[in-house]
Amino acid sequence: MELRQLQYALQIAIDKNFSRAAEKLHIAQPSLSQQLSKLEKEIGVLLFQRTTNSVEVTHAGSLFVEKAQAILDMVEQLRREMEDISQMRKGKLVVGSLPITGAHVLPFVLPVFQARYPEIEITLVEETSANLEHLTGIGQVDISLLSIPLFDETLAAEPIIEEEIVLALPPGHPLALGSQPSDSFDVASLQSEPFIALKKGQGFRQITLELCHQAGFSPNIVFESSNIDTVQALVAAGMGISFIPRMVRRRGGGELSPVYRPLAGRPTRTLVIASRKGRYLSKAVEAFIETFRDVMREAALQ
């Protein structure tokens, strides 16, 4: 059994398609099929059920893929430890990020990191909070930029940014027309309002629910979106109100920009860099975290 065969089986399980898997592995499809058949013959079990139109993982295949992922992750950690010991500056770093949060933060961080460490290759993975937690937990992502609370207990979280949460109102809403920019609102006073929220699987949705629950009610969610820019546009169009991280506010006004007001008590969310507990953090990861902190201090985004 060879490491490359483990990689092949893992990629097939991810794509459930031999052609796509072969393309990503940069080998010919017949070679991939041949290597898989060789592996299955060696271990004596069928890993994938093939039909004309689909590829399904068998029960044995699921167990094999889970162990293969763990083995490949251990090999990768060993490689990185050896690179660090030899003081090599080359390396790879897979960073997970929420799409909208990343769009407001990473343009500050990545250019500085690339300038400091030009030989470290970064791959960016943009996913929902739930998917990023899973990918980080199984080692397919080195670190992820997420907001707490985290639900995967295998993850460790290092706080990186504390960010205020503000109220977004339609421009013609009575609360917007009858208030000044500095006026704050108790969350409890919003109980009868229709809310627009992010869909399940997005970390900030849970923060919205918690703020309302702490105020003694469950929000009446009338619209959901996977994109916080869409949430803000719907608020601006008069469809409801929402809570928004201060960092992602729409600036400059315009017809699709809400009115923003502070919330009483100035609630915040904490962005963290999450990694799997007990996983070796390479010097590249440590350098990325250090760069992130430096840039956030200089940009006054903390």
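Refer to the structure printed above.
Residues numbered from 1 in each chain as written. Predicted model: local features only at pLDDT ≥ 70, side-chain atom pairs only at ≥ 80, totals over all residues. Heavy atoms only, no water.

## Re helix α6 (residues 129-137)
Listed in full, the buried residues belonging to α6 are S129, L132, E133, L135, T136 and G137. Where α6 is buried, its residues touch β3 (91-97), β4 (120-126), β5 (143-147), β6 (155-169), α8 (203-214) and β11 (268-276). Two residues or fewer after α6 comes G139, characterised by a positive phi angle close to 90°. (Buried < 20%, exposed > 50% of the residue type's maximum accessible area, 1.4 Å probe, protein only. Helix = DSSP H or I, 4+ residues; strand = E, 2+ residues; numbered from the N terminus. Contact = heavy atoms within 4.5 Å.)

## Focus on the pattern of salt bridges
Evaluation of the coordinates by the stated rule reveals 11 salt bridges. Measuring nitrogen to oxygen at the nearest pair gives 2.5 Å for the salt bridge that ties D73 to R279. Of this pair, D73 sits in helix α4 (residues 59-85) while R279 sits in the loop between β11 and α10 (283-299), placing them 206 residues apart in sequence. By the burial criterion, D73 is buried, and R279 matches it. Through salt bridges with shared partners, a single ionic network connects D73, D142, R276 and R279. (Salt bridge = Lys/Arg side-chain N within 4 Å of Asp/Glu carboxyl O.)

## Some points on the environment of L98
As for its position among the elements, L98 is in the loop between β3 and α5 (99-116). Taking the C-alpha atoms as reference points, L98 and G203, separated by 105 residues in sequence, lie 9.0 Å from one another. If we ignore the near neighbours within four places in the chain, the residues touching L98 are E127, T128, S129, L132, L145 and L146.

## A look at the pairing of β4
Sheet analysis places β3 next to β4, joined by seven bridges and oriented parallel. When the bridges of β4 are listed, V95 appears paired with L124. Running through α5, the crossover from β3 to the neighbouring parallel element β4 is right-handed. (Pairing = 2+ DSSP bridges. Right-handed = clockwise from strand over helix to strand, strands pointing away.)

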